[in-house]
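Commentary on secondary and tertiary structure
So the chains spell out like this:
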Amino acid sequence: MRAMVISGGGSKGAFAGGVAQYLLEQRQNGYDLFLGTSTGSLLITHLALNKIEKIRQVYTSVNQHSIFSLCPFTIHRQHGGANIGINHWNVVRNFLRGSKTFGESHHLHTLIRNTITPEEFGALKNGPIDLVVTVANLSLNQVEYKSINEFDYDDFCEWIWISCNYIPFMSLVRKNGCEYADGGLGSMVPIEEAIRRGAREVDAIILHTEMTHLNRMPSRNPFSLLTNMGAFMLDRIEQQNIRIGKFVATNNDAIINFYYTPAVLTTNSLVFDREQMTKWWQSGYIYASGKGEELSPLKQE
């Protein structure tokens, strides 16, 4: 049984799309299980359907408005980079409405439903491939994995959306009596879950460099501090997930093929830039093609 696991990473998911495209089209890898966290969960439905061009068009055409129904920050571009500032009016307005978060991401929920049709969902649910998305249950203090086989169209689309909601900047969702948020808060790279579900070879796409190549600039404002702090915690979670995944793989005679980003793509993955994401998709494809030539046999532990 072979699985593709795609980590969280916001806008960097475009790079994962390019890697996945190469593995599916050129390497012609067949997968029994697709498992995604956050941005990874947005990719897996169309990858499983082999509708790569459709999801590529979606990923390379989104912007902030496509994601946020109420964006909590402003973006200032300087010296080729993007610095975020607080959109005070939107934040105050959201708090006055009784929201618990700085911003809202209902446009992303709409985009998911517009991108995945009921017919595509039905084809996947009735097919042999299992799709699983990762969510964080804040009320029960646990990570949960939601399989397409367990839900109807409306619920599964909502679980995909929930998996992507990076709080406190995006929506906090109450469902089934519990509060849910981005699955990356507990499991950025769910390799362990893939192996627990029977995978004996895992292609893991990690939206981070293998070694730390980043020295963050000083925080400019409270939002900048929050994003830096969140990135620090997610990096630690990711590293822990990878270590546990390697340990579980060793004890289950499983193989993990890792695909890391070769360089730092961005320091703020909540900034969605069409031109940038188009380049990342292309660079992911090129990177995977080069890596594929290096792997002989097709295994890296």
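What you are looking at is a predicted structure, and each value in this text was computed from that prediction instead of being measured.

Comments concerning the overall build of the chain
Within the chain, the secondary structure is distributed over 11 helices and 10 strands. In terms of overall dimensions, the chain is globule-like: its C-alpha atoms have a radius of gyration of 18 Å, near the 19 Å expected for 301 residues. Across its three principal axes, the chain shows a C-alpha extent of roughly 55 × 45 × 35 Å. The buried share of the chain, taken over its 301 residues, is 55%. Counted over contacts in the chain with a minimum sequence separation of 6, partners at least 24 positions apart contribute 77%. Charge centroids of the chain, computed over 27 positive and 28 negative side chains, lie 5 Å from each other.

Focus: the packing of helix α2 (residues 39-49) against helix α8 (residues 153-164)
At a minimum axis separation of 7 Å, α2 and α8 run at an interaxial angle of 145 degrees. Across the interface between the two elements, Thr-39, Ser-41, Leu-42 and Thr-45 of α2 pack against Phe-156, Ile-160, Ser-163 and Cys-164 of α8. Class assignment for the residues of the contact of α2 with α8 results in four nonpolar, four polar and no charged.

Overview of the packing of α2 against helix α7 (residues 118-125)
Each pair of packed helices gets described by two things: the angle between the helix axes and the distance between those axes. Two elements in contact, α2 and α7, have axes whose closest approach is 10 Å; the angle formed by their N-to-C orientations is 70 degrees. One way to sum up the angle between α2 and α7 is to call them roughly perpendicular. Seen from α2, the contacting residues are Thr-45, His-46, Ala-48 and Leu-49; seen from α7, they are Glu-120, Ala-123 and Leu-124. Broken down by class, the residue content of the contact of α2 with α7 amounts to four nonpolar, two polar and one charged.

Brief notes about the side chain of Asp-182
Position of Asp-182 relative to the elements: it lies in strand β8 (residues 178-182). A polar contact is formed between the side chain of Asp-182 and the backbone nitrogen of Gly-184, at a distance of 2.6 Å. Excluding residues that lie within four positions of it along the chain, Asp-182 makes contacts with Thr-37, Ser-38, Ala-136, Ile-162, Ser-163, Cys-164, Asn-165 and Tyr-166.

Brief notes about the environment of Tyr-22
Checked against the element boundaries, Tyr-22 lands in helix α1 (residues 13-25). Judged by its relative accessible area of 10%, Tyr-22 is buried. Residues Tyr-22 and Ala-199, spaced 177 residues apart in sequence, show a C-alpha to C-alpha distance of 21 Å. Excluding its chain neighbours within four sequence positions, the residues that come into contact with Tyr-22 are Arg-27, Tyr-285, Ala-288 and Ser-289.

Observations regarding the environment of Ala-288
Along the chain, Ala-288 turns up in helix α11 (residues 274-294). The spatial distance from the C-alpha of Ala-288 to the C-alpha of Arg-2 is 18 Å, given a sequence separation of 286 residues. Excluding residues within four positions of it along the chain, Ala-288 makes contact with Val-19 and Tyr-22.

Quick word on the packing of aromatic side chains
Counted by the stated rule, this structure contains 14 aromatic pairs. The interplanar angle of 55 degrees and the centroid separation of 5.7 Å between the aromatic rings of Phe-95 and Phe-102 together place this pair among those described as tilted. Residue classification places Phe-102 among the buried residues on the basis of a relative accessible area of 18%. With 6.2 Å between their ring centres and 45 degrees between their planes, Phe-121 and Phe-156 make a pair best called tilted. In this pair, Phe-121 sits in helix α7 while Phe-156 sits in helix α8, placing the two residues 35 residues apart along the sequence. For the pair formed by Phe-121 and Phe-156, the shared burial category is buried. Its end group placed over the ring of Trp-159, Lys-175 keeps NZ or CZ at 5.3 Å from the ring centre.

Brief notes about the pattern of salt bridges
Summed over all chains, the structure comprises 14 salt bridges. Between Arg-2 and Asp-203 there is a salt bridge whose closest N-O contact spans 3.0 Å. With Arg-2 in strand β1 (residues 2-6) and Asp-203 in strand β9 (residues 201-206), this residue pair connects regions lying 201 residues apart in the sequence. When its relative accessible area of 15% is taken as the criterion, Arg-2 is described as buried. Asp-203 gets classed as buried once you look at its relative accessible area, which sits at 0%. Ionic pairing is found between Arg-56 and Glu-53, a salt bridge with its closest N-O pair at 2.7 Å. One end of the pair, Arg-56, and the other, Glu-53, are both in helix α3 (residues 52-59), three residues apart, so they sit about a helical turn from each other.

Rules used throughout
- Residues numbered from 1 in each chain as written.
- Predicted model: local features only at pLDDT ≥ 70, side-chain atom pairs only at ≥ 80, totals over all residues.
- Heavy atoms only, no water.
- Helix = DSSP H or I, 4+ residues; strand = E, 2+ residues; numbered from the N terminus.
- Rg over C-alpha atoms; globule rule 2.2 N^0.38 Å.
- Buried < 20%, exposed > 50% of the residue type's maximum accessible area, 1.4 Å probe, protein only.
- Contact = heavy atoms within 4.5 Å.
- Lys, Arg positive; Asp, Glu negative; His and termini not counted.
- Charge placed at Lys NZ, Arg CZ, Asp CG, Glu CD.
- Axes fitted to C-alpha atoms, helices over the stretch in contact; angles between N-to-C directions.
- Nonpolar A, V, L, I, M, F, W, Y, C, P; charged D, E, K, R; others polar.
- Parallel < 35°, antiparallel > 145°, perpendicular 65-115°, else oblique.
- Polar contact = N/O pair within 3.5 Å; in protein donor to acceptor, adjacent residues only side chain to side chain.
- Phe/Tyr/Trp six-rings, centres within 6.5 Å; stacked < 30°, edge-to-face > 60°.
- Lys NZ or Arg CZ within 6 Å of the ring centre and 35° of its normal.
- Salt bridge = Lys/Arg side-chain N within 4 Å of Asp/Glu carboxyl O.

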